[in-house]
Amino acid sequence: MKHEHMDLGQEAWVDYYSDYYSKADSESVFERLRDELEWEHRDIIVFGKPVKQPRLIAWAGDIEYRYSGQTLPIRAEVPALREIRERVEATSGETFNHVLLNYYRDGRDNMGMHADDERELGLNPTIAAISLGVDRRFLLKRKNSRKGETPTSILLEGGSLLVMGGTIQHTWRHGVPKAGRLDKGRINLTFRNLKWAPGERPRD
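Quick caveat: nothing in here was measured; it's all calculated off a predicted structure.

Peer 1: Please explain the sheet that holds strand β1 (residues 3-9) as it appears in this structure.
Peer 2: Whenever strands of a sheet pair, they do so through backbone hydrogen bonds, lying parallel or antiparallel. Within the open sheet, the seven strands sit side by side as β1-β2-β13-β10-β15-β8-β5. Their pairing is antiparallel. Edge positions in the sheet fall to β1 and β5 (56-61), since each has one partner strand and no second. Neighbour to neighbour, the strand axes of the sheet diverge by 15° on average, direction disregarded. Two elements, β5 and strand β8 (residues 98-104), share six bridges in a ladder whose sense is antiparallel. Directly across from Trp 59, in β8, lies its bridge partner Leu 100. Strands β8, β10 (127-133) and β15 (186-192) of the sheet are contacted by helix α1 (residues 23-36), whose axis makes an angle of about 95° with β10.

Here it is as structure tokens:
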């Protein structure tokens, strides 16, 4: 398994495993999740207005998760997701209790630049992301970057694992840009460890 560690400075880092799943296994898991999960096309709040997300989402977790003006209720983890989570936990050495899945149906679906810095994730959360299906570009850009500064680009291959840690959610933003006329799909699973539910006091 190929592993690359990237030190981004300011105690932010990324670990990338390009062949975490074989091509055949990646395609098989992609199809299973695409066909078995309950996908939703939800609104998010952009500049105070509801806008349809340019992708479909699914999730699982025993704690509610709130982001971009929406709350994802508790939803049971299906066997396929449990198998993936346990494998990712073994590799990363972390424990996760929530997974958010984004289904990019084609090159028009995308993810804007953002940081996973919700209070419920704690100070410096470790977040692990599995990519299945077609390869897509992943951009990283410093929050205090100069105007015109070129983002760091990583090609997330189908079957890869990306782990983000340290201060990265407070010092960098990340996103998945549009990919022109690409007509193939990608599913991304992001595993998180929520410390408490929205509106609750921090747990000791």
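Peer 1: Would you mind showing me how to read the pairing of strand β4 (residues 49-52) here?
Peer 2: Side-chain direction in a regular strand flips from residue to residue, so the side chains alternate between the two faces of the sheet. Alignment of strand β3 (residues 43-46) against β4, held across four bridges, turns out to be antiparallel. Paired with Ile 44 across the bridge in β4 is Val 51. Turn length for the β3-β4 hairpin, with the two strands adjacent in sequence and antiparallel, is two residues, and the turn residue Phe 47 shows positive phi of about 50°.

Peer 1: Is there a simple way to think about the packing of α1 against helix α2 (residues 79-92) in this case?
Peer 2: Two measures define how a pair of helices packs: the angle their axes make with one another and the distance between the axes. Running from N to C, α1 and α2 cross one another at 140°; their axes reach a closest spacing of 10 Å. Between α1 and α2, the angle falls in the class oblique. As for the relative orientation of α1 and α2, their crossing is left-handed in sense. Touching Val 29, Arg 32 and Leu 33 of α1 are Pro 79, Ala 80, Leu 81, Glu 83 and Ile 84, all from α2. The class makeup of the residues in the contact of α1 with α2 is six nonpolar, no polar and two charged.

Rules of the game
- Residues numbered from 1 in each chain as written.
- Predicted model: local features only at pLDDT ≥ 70, side-chain atom pairs only at ≥ 80, totals over all residues.
- Heavy atoms only, no water.
- Pairing = 2+ DSSP bridges.
- Helix = DSSP H or I, 4+ residues; strand = E, 2+ residues; numbered from the N terminus.
- Axes fitted to C-alpha atoms, helices over the stretch in contact; angles between N-to-C directions.
- Contact = heavy atoms within 4.5 Å.
- Parallel < 35°, antiparallel > 145°, perpendicular 65-115°, else oblique.
- Left-handed = near helix turned anticlockwise from the far one by under 90°.
- Nonpolar A, V, L, I, M, F, W, Y, C, P; charged D, E, K, R; others polar.

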